[in-house]
Amino acid sequence: MKKILFFMLLILSFAGSAFAAAIVLTTHTPSATAGVTVKGGSTLALAIAAPTPLIKCSTGVHTLVNYLETPASPGTATGYTIAARHLTGSKNFATSNSRTNIYWKQAEKITAARAIAVVMAAEIGAGVDDLFEFAGGWTSY
């Protein structure tokens, strides 16, 4: 089973958007799988080729990336906000490309009726970079 998952991740690592990962990262959509690696670049090709990930999530950690594509140059983004949460955790964590702080916010409990993707999308705002609302219950480390 591990070999199959590894092979699937290897094949899917060539797909992506402005932020490359082993999955397609759509803005403000939590990752469907846990443990993804998020790479970034000013274009999709540069993100895929990036030697170092922006974020490498542990097993059980889901991520959400907010970015705004440039209308004049689709596939590029000028800024981003990245958030993460462990499946069994009680906090969301987030930061943006313009801040050095890591923020946390108390999170709703995950249940069978409230999947992690639904909870993260509801609790984490869709803002990008300096437009992200860290004032709404977020605490800085």
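Refer to the preceding data block for the structure.
J.: Just give me the short version of the overall build of the chain, but keep the residues and values in it.
T.: Counting its secondary structure elements, the chain contains three helices and eight strands. Every one of the 141 residues in the chain was classed for burial, and the buried ones make up 36%. Sequence-distant contacts, at least 24 apart, represent 51% of the contacts inside the chain between residues at least 6 apart. Only carbon and sulfur atoms are counted for the fraction: they give 67% of the accessible area of the chain, which is about 8,000 Å².

J.: Before we move on, could you go through the pattern of salt bridges and cite the residues and values that matter?
T.: Applying the stated criterion across every chain, the model contains one salt bridge. One salt bridge in this structure joins Arg-114 and Glu-108, with 2.7 Å as the shortest N-O distance. Overall, Glu-108 belongs to the partly exposed group, its relative accessible area being 33%.

J.: Tell me about a nonpolar patch on the surface, residues and numbers included.
T.: A grouping of Phe-93, Ile-102 and Tyr-141 is seen on the molecular surface, where their side chains present a nonpolar patch of about 320 Å² in accessible area. Here Ile-102 lies in the loop between strand 6 (91-96) and strand 7 (103-106).

Conventions used here
- Residues numbered from 1 in each chain as written.
- Predicted model: local features only at pLDDT ≥ 70, side-chain atom pairs only at ≥ 80, totals over all residues.
- Heavy atoms only, no water.
- Helix = DSSP H or I, 4+ residues; strand = E, 2+ residues; numbered from the N terminus.
- Buried < 20%, exposed > 50% of the residue type's maximum accessible area, 1.4 Å probe, protein only.
- Contact = heavy atoms within 4.5 Å.
- Areas by Shrake-Rupley, 256 points an atom, 1.4 Å probe, with all protein chains shown as cover.
- Salt bridge = Lys/Arg side-chain N within 4 Å of Asp/Glu carboxyl O.
- Patch = residues over 30% accessible without salt bridge, like charges linked within 9 Å, V, L, I, M, F, W, Y side chains within 5 Å.

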